[in-house]
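Close look at the chain arrangement
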There are 2 protein chains.
Amino acid sequence: MGGASAEAANGGAAVRVPVPPARPFLDTFRGNLKETFFPDDPFRSVVRERGAGRRTVAALRYFFPFLEWAPAYTPGAFKSDLIAGITIASLAIPQGISYAKLANLPPVLGLYSSFVPPLVYALMGSSKDLAVGTVAVASLLIGSMLGSEVSPTDNPALYLHLAFTATFFAGVFQASLGLLRLGFIVDFLSHAAIVGFMGGAATVVCLQQLKGVLGLVRFTTSTDIVSVMDSVFSQTHQWRWESVVLGCAFLFFLLVTRFISKRRPKLFWISAAAPLTSVILGSVLVYLTHAENHGIEVIGYLKKGLNPPSVTSLLFSPPHMMLALKTGIITGVIALAEGIAVGRSFAMFKNYNIDGNKEMIAIGTMNILGSFTSCYLTTGPFSRSAVNYNAGCKTAMSNVIMSLAVMITLLFLTPLFHYTPLVVLSAIIMSAMLGLIDYQAAAHLWQVDKVDFCVCIGAYLGVVFGSVEIGLVVAITISILRVLLFIARPRTTVLGNIPNSRIYRRMDQYAEAQSVPGVLVLRVDAPIYFANASYLRERISRWIDDEEERTKGKGETEMGVQYVVLDMGAVGSIDTSGTSMMDELKKSLDRRGMQIVLANPGSEIMKKLDSSKVLEMIGHDWIFPTVGEAVASCGYMLHSHKPGTVMDSAAAHENMV
Amino acid sequence: MGGASAEAANGGAAVRVPVPPARPFLDTFRGNLKETFFPDDPFRSVVRERGAGRRTVAALRYFFPFLEWAPAYTPGAFKSDLIAGITIASLAIPQGISYAKLANLPPVLGLYSSFVPPLVYALMGSSKDLAVGTVAVASLLIGSMLGSEVSPTDNPALYLHLAFTATFFAGVFQASLGLLRLGFIVDFLSHAAIVGFMGGAATVVCLQQLKGVLGLVRFTTSTDIVSVMDSVFSQTHQWRWESVVLGCAFLFFLLVTRFISKRRPKLFWISAAAPLTSVILGSVLVYLTHAENHGIEVIGYLKKGLNPPSVTSLLFSPPHMMLALKTGIITGVIALAEGIAVGRSFAMFKNYNIDGNKEMIAIGTMNILGSFTSCYLTTGPFSRSAVNYNAGCKTAMSNVIMSLAVMITLLFLTPLFHYTPLVVLSAIIMSAMLGLIDYQAAAHLWQVDKVDFCVCIGAYLGVVFGSVEIGLVVAITISILRVLLFIARPRTTVLGNIPNSRIYRRMDQYAEAQSVPGVLVLRVDAPIYFANASYLRERISRWIDDEEERTKGKGETEMGVQYVVLDMGAVGSIDTSGTSMMDELKKSLDRRGMQIVLANPGSEIMKKLDSSKVLEMIGHDWIFPTVGEAVASCGYMLHSHKPGTVMDSAAAHENMV
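Residues numbered from 1 in each chain as written. Chains lettered and ligands numbered in written order. Predicted model: local features only at pLDDT ≥ 70, side-chain atom pairs only at ≥ 80, totals over all residues. Heavy atoms only, no water.

**What about the overall build of chain A?**
Secondary structure assignment for chain A yields 28 helices and 6 strands. Counting only residues that meet the buried cut, chain A has 55% of its 657 residues in that class. Within chain A, contacts between residues at least 6 apart in sequence are counted, and of these 79% link residues at least 24 apart. Looking at chain A as shown, the accessible area adds up to about 27,600 Å², and 64% of this sits on carbon and sulfur atoms. (Helix = DSSP H or I, 4+ residues; strand = E, 2+ residues; numbered from the N terminus. Buried < 20%, exposed > 50% of the residue type's maximum accessible area, 1.4 Å probe, protein only. Contact = heavy atoms within 4.5 Å. Areas by Shrake-Rupley, 256 points an atom, 1.4 Å probe, with all protein chains shown as cover.)

**Some remarks on unusual backbone geometry**
One non-glycine residue, lysine 613 of chain A, lies in positive phi territory at about 70°. When its relative accessible area of 44% is taken as the criterion, lysine 613 of chain A is described as partly exposed.

**What to know about the nonpolar core**
Ile97, Tyr99, Leu105, Leu109, Phe197, Tyr376 and Met433 of chain B are the most contacted members of the largest nonpolar core, which has 115 residues in total. Not counting residues within four places of it along the chain, the set of residues in contact with methionine 433 of chain B comprises Tyr99, Ala136, Ala202, Val205 and Cys206 of chain B. Grouped together as the second largest cluster of nonpolar side chains are 113 residues, Ala100, Phe168, Leu314 and Ile340 of chain A included. (Core = buried A, V, L, I, M, F, W, Y, C linked by side-chain atoms within 4.5 Å.)

**Points about the interface of chain B and chain A**
Counting residues at the interface gives 81 residues for chain B and 81 residues for chain A. A per-residue breakdown of the area chain B buries against chain A is headed by Gln509, Phe530 and Thr576 of chain B, which together make up 9% of the total. Where chain B packs against chain A, one counts 6 salt bridges. Between arginine 344 of chain A and glutamate 538 of chain B there is a salt bridge, with its nearest N and O atoms 3.9 Å apart. (Buried area = accessible area lost by both parts, 1.4 Å probe. Salt bridge = Lys/Arg side-chain N within 4 Å of Asp/Glu carboxyl O.)

**With respect to the relation of the copies chain B and chain A**
Once turned by 180° and shifted 0.1 Å along the axis, chain B lies on chain A with an RMSD of 0.1 Å. Taken together, the rotation and translation relating the two chain copies correspond to the operation of a two-fold axis. Taking C-alpha positions as the reference, the residue of chain B nearest the rotation axis is alanine 570 of chain B, at 2.0 Å. A shared interface surface links the copies, since 100% of the contact residues of chain B are contact residues in chain A too. (Least-squares fit on C-alpha atoms with pLDDT ≥ 70 in both.)

**A closer look at the packing of helix α6 (residues 75-102) of chain A against helix α14 (residues 268-289) of chain A**
Residues and elements named next belong to chain A. Packing of α6 against α14 leaves a shortest axis separation of 8 Å and a crossing angle of 35°. Where α6 crosses over α14, the two elements pack in a sense that is left-handed. Here α6 contributes Thr87, Ser90, Leu91 and Pro94 to the contact with α14, which in turn contributes Phe268, Ala272, Ala273, Pro275, Leu276 and Val279. Its residues assigned to classes, the contact of α6 with α14 comprises 8 nonpolar, 2 polar and no charged. (Axes fitted to C-alpha atoms, helices over the stretch in contact; angles between N-to-C directions. Left-handed = near helix turned anticlockwise from the far one by under 90°. Nonpolar A, V, L, I, M, F, W, Y, C, P; charged D, E, K, R; others polar.)

**Structural notes on the packing of aromatic side chains**
Per the stated rule, a full pass over the model turns up 30 aromatic pairs over all chains. A ring pair is formed by tyrosine 73 of chain B and phenylalanine 78 of chain B, whose centres lie 6.4 Å apart and whose planes are at 85°; its orientation type is edge-to-face. Judged by relative accessible area, which is 37%, phenylalanine 78 of chain B ranks as partly exposed. Following the ring pairs from residue to residue traces out a cluster consisting of Phe66, Trp69, Tyr73 and Phe78 of chain A. (Phe/Tyr/Trp six-rings, centres within 6.5 Å; stacked < 30°, edge-to-face > 60°.)

**As for the pattern of salt bridges**
A complete count under the given rule lists 25 salt bridges over all chains for this structure. Put simply, glutamate 604 of chain A and lysine 608 of chain A hold a salt bridge, and the shortest N to O gap is 3.1 Å. In this pair, glutamate 604 of chain A and lysine 608 of chain A are both assigned in helix α25 (residues 603-611), 4 residues apart and thus about one turn of the helix distant. Relative accessible area serves as the criterion here: at 9%, lysine 608 of chain A is assigned to the buried category. Salt bridges sharing partners connect three or more residues here, namely Asp449, Arg491, Arg523, Asp525 and Asp567 of chain A together with Glu604 and Lys608 of chain B.

**Section: the confidence of the model for chain A**
Residues and elements named next belong to chain A. Residues of chain A with pLDDT of at least 70 account for 89%, and the chain-wide mean is 83. Confidence scores differ between elements of chain A, with helix α1 (residues 3-9) showing the lowest mean pLDDT of 39 and helix α8 (residues 116-124) the highest of 94. Taken together, the stretch residues 1-15 has pLDDT below 50 and engages in 22 contacts with residues farther than four places along the chain or on a different chain. Note that residues 643-657 has pLDDT below 50 and, in this model, 10 contacts with residues that lie over four places away or in other chains. (pLDDT = per-residue confidence, 0-100.)

**As for a nonpolar patch on the surface**
On the surface, a nonpolar cluster with roughly 540 Å² of combined accessible area is contributed by Leu306, Ile408, Leu411, Phe412, Leu413 and Leu416 of chain A. For leucine 413 of chain A, the location among the structural elements is in helix α18 (residues 397-413). (Patch = residues over 30% accessible without salt bridge, like charges linked within 9 Å, V, L, I, M, F, W, Y side chains within 5 Å.)

**Points about the environment of leucine 585 of chain B**
All names here are of chain B. Topologically, leucine 585 is positioned in helix α24 (residues 576-592). The class of leucine 585 is buried, set by a relative accessible area of 3%. Placed 11 residues apart in sequence, leucine 585 and isoleucine 596 show a C-alpha to C-alpha distance of 8.4 Å. Those residues in contact with leucine 585, other than ones at most four positions away along the chain, are Arg537, Ile540, Leu566 and Ile596.

**Quick look at the side chain of asparagine 399 of chain A**
Mapping asparagine 399 of chain A onto the fold places it in helix α18. Look past the residues within four positions of asparagine 399 of chain A in its chain and what remains in contact with it is Pro118, Tyr121, Leu130, Ala131 and Val132 of chain A.

**Digging into the packing of helix α21 (residues 450-466) of chain A against helix α22 (residues 468-488) of chain A**
Residue and element names in this part refer to chain A. Interhelical geometry of α21 versus α22 gives an angle of 160° and a closest axis separation of 6 Å. Between α21 and α22, the angle falls in the class roughly antiparallel. Of the two possible hands of crossing, α21 and α22 adopt the one that is right-handed. Residues Val451, Asp452, Val455, Gly458, Ala459, Gly462, Val463 and Gly466 of α21 form the contact with α22, whose own contacting residues are Val468, Ile470, Gly471, Val474, Ala475, Ile478, Ser479 and Arg482. Considering only residue class, the contact of α21 with α22 consists of 9 nonpolar, 5 polar and 2 charged. (Parallel < 35°, antiparallel > 145°, perpendicular 65-115°, else oblique.)

**Overview of the pairing of strand β4 (residues 563-567) of chain A**
Residues and elements named next belong to chain A. Of all 5 residues that make up β4, 5 are buried, and the element is covered over most of its length. What you see with β4 is no split at all: Tyr563, Val565 and Asp567 on one side and Val564 and Leu566 on the other are buried throughout. Of the pairings in the sheet, the one linking β4 to strand β5 (residues 595-599) comprises 5 bridges and is parallel in character. Among the inter-strand pairings, aspartate 567 is bridged to a residue of β5, identified as alanine 599. (Pairing = 2+ DSSP bridges.)

**Considerations on the environment of glycine 196 of chain B**
Residue and element names in this part refer to chain B. Of note, glycine 196 is situated in helix α11 (residues 191-214). Judged by its relative accessible area of 1%, glycine 196 is buried. Counting along the chain gives 241 residues from glycine 196 to isoleucine 437, while the straight-line C-alpha distance between them is 8.4 Å. When near neighbours in sequence (up to four residues on either side) are disregarded, glycine 196 contacts Cys456, Ala459 and Tyr460.

**A short note on helix α6 (residues 75-102) of chain B**
Residue and element names in this part refer to chain B. With 28 residues, α6 should reach 40 Å at 1.5 Å per residue; the first-to-last C-alpha distance of 39 Å fits that figure. For α6, the principal kink sits at alanine 92 and spans about 25°; a proline, proline 94, occurs within the next four residues. The buried fraction of α6 is high, at 20 of 28 residues. Among the residues trailing α6, asparagine 104 stands out with phi positive, at a value near 60°. (Expected span 1.5 Å × (residues − 1). Bend = angle between axes of the 7 residues up to and from the residue.)

See below:
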């Protein structure tokens, strides 16, 4: 089985598998760094310019995309943005107030948060369709995480300042992720995990609204379904029929408008205007019937005027700083994941590109400046951005319009909300949340990938029966475990020959594939890493044992396995544990009297095998570019080494072609 | 670009890529479960038997391998095992006493731990070469982790009981890993990480011995190099020249014997007998010169008699239980990793198989029973097993012989150690540790895989400058991050055609590969998961943009990219994020007027694409078994759709062959 015979078998026309020339380590390292952190080559436009002045302008245009689209702004675009802006403002006002209540914060904060952050985003953001605002899930999380240590009723000033500090930390964390180009971390939350997590969070938020709808005063602070049901059903005598009637009526109204808009997409503005309409109707109703004296809770006094500065309110001292830091990071990541997903979805739909890391910087800055101006955590909620898109927005100017509308409300219109019943806010939240429970996506997951469905359900149950944090941890852990398990247990398959060809395909997939006597062709479907090297070595041994048993069972005419061909086409990468494994495999096959042959190794594999001396050990002549050539060579060796066999010259020629 | 034309281009002889028949989910799930947890099919021997009685016997033989080799035991094997057993006993006695001191435990515990655990292992273990004993690294860890909360000098009884409890928890954890078939977890500590971690731990242990060698009384409890150096050099006036002279002399003697044994492997017994010789020489020296009155510390009184029971000493109440639990789990995993690695290495060397999970059960039981009989954490240290192997052991009986030798020592010979200077024990530890600092392995890592080298150095520095726990966390984190990053940034390459063939190879690896006009062939080198789906979509877009730029630069005769062929040969698996990505890619290519073509998708990919309806969308006719056929079909389409092109009939024929 020397090298010379293998070459003769190839008829001297072998296409050798070349070992790539050595590249200086720094080159490779720099290349990998670039691919990891700058895959989309974002600074191409800056670097292209010549001269410091032009480069500064290009850099400014990179960080402030507003400088790119503003000069090209047309009156037609303004008209579209005006309509879109007013539409989303009509959503922003009631939703802002409702979600602030969800976070146990003063309702006017919801309006503040729809004033300053959208302006910042319009300057720095890249998406043309994203509409900025607060989100229910993050508001709930802030409420439950801060509320677990500081009571919003007993200590409202401290609670408020902690909310601002948490928003500041969230913004810093988000901007850092963007600046350090670590945006890919957000990719580690799989879509299945997000569907489950969001569904669970939406369920939990709806459960929380039962307090407002039933008019209960005392309620559990836990969010899980068991505590909530217990709270609800142990106080049945406290339910207020007025709240229930009012809440159900408005909820019905909102659900009907949502249904109509789904059926007829042109009438999207109906469901967009419904929340504000409910607020107005509800206020009028309470005003006329003086229902606030009959047990209906109302918003009450809403401070007039723009955002007061809150820089001095930020707390950077223990013990509360750690709480704010933890809250900020967790809510920041969740808000960021949603904002980036929204930006990407619409960009792909409208066929433009956005730089994920740049978006993160924009969202982070938005939150940092928001924390200085009495706003709490904002991002780009999907529902509001969808309305923006449907309303025909053209640029981020729609956010500016919304911001102006909210400003007018803050300056002049806050007294109008004095009589707005809280029950209406609860109904608005519930109808928005029901849209977040994406059972269709879950059904699709069940059909396509049952493991992803389990991830989804696991996250959902974790949130509903545990808490939002537990659900998030469950979702992330299952997602990462799944990836690690795939690496740890890669697929190995036996390949067989498609008759009358040199093609080798998986025998479990192609019924016509046949095995070749004396040769076992195996294919490894994953990179060979420390995590799977031992498993692979044992599995390959087992394949060989099984094949030996199978052929020996057929009698003496069948020879055992003499050649083991490893198809390395799918082995993307190999580390030192992998090269050790190849070394051990070679030695163990030598002891069994078998020859190892490699087919189609990539250039990185060749490099590693060469530098670890395994290539020398196996012998460069036993490495072929395709499985077909490898098996042909083995076949030639088998036939020429069996003196008693009648060798058909045609068969020999076929083996050499 | 309809389906019919693609088929015509293939000349009607296309080998279609079949969609595999649907398997019931439970079948697939059960299959995957079996492959993940029972890859080596360990119960094959049990299941094969018929009848409950024979199955019980087979199960007993599975859990107690001793029942397999004991009946076949020969006098020749006994002779080999006797020699090997006595050799390793001569190591066990001095090392046991030294390592127990390292853990701040009474020295006699080292002897107890070489009595009971080896007997248990001989009954339940599968390795023929593994020699049981305590290890320096685990002893150090126990000393530092328990010592951080409970002082061994102020509270020796509590400290001792905590050590037993930690050993108990370690044993339970190890046995559970084995019973739950979770052994693959140990694989996640890569070889590079272990080399760095062990080297760092060995360095730290050597630094700790400076206390004994220099004869210092007060010493830092921290293990990092800065604290130790500070302790040493701030007390230079306290150094005792007697200790230094004695220590250096014995260290020199031990290193010389180690060097001799390395040069001449036949003289392995020289380095094996050296520690016991040093102990005897040292005791004699001290006895004759009464050096214990001149400042040389000696072991002193060593209790006579066998292991006292310690079941009642186990502590299961807070606050200390959590400390014992944490120590037990961490030291248990490290000890397990070493024991399994040793077992596997020798099994592979001697060409037999061991079941990793069964070994874990054996090691775990060994520790549980050890904790009941005043032993602390044991495993199969590599150095001792190597001596066992070199001494010619045949079965685990060598452990029984060693155990009997230790028993004789415990019953009769403990007074002999009364005058043994601690300095000799320090020298023994230091010489053993210097063998653990595997700089050759580190140099090999630098040559083969620089990232693995960084993992190794990171773990080393983490241990030496931080603490052992920090080093372990650094090692595991870098290892897992590396795997995740590979998944998150998979390699995509452009393939080109090797002239005069239908073979397509990477253009960056094969200089002769050439691109095909109008067709861009891309290859993805990893499974498509949530972690990399977005990145892949953007990267593929960028490849297309680059190719468009390149071809447009060449003038009007070159057409732009019309077909994008994706070689899916290396895509082992795809989840719902991946199928969404394929869906989005298809739609985005449609908008750009390009056709997507898939080549060589595996059966799992076909199944997922089919159930997510992406297969329908792409069209089954645009999926080919090889890249060659895919490009041929595109080429045919290109030529037949360009009316103005002079089509060479030979070229057309070549495209169709």
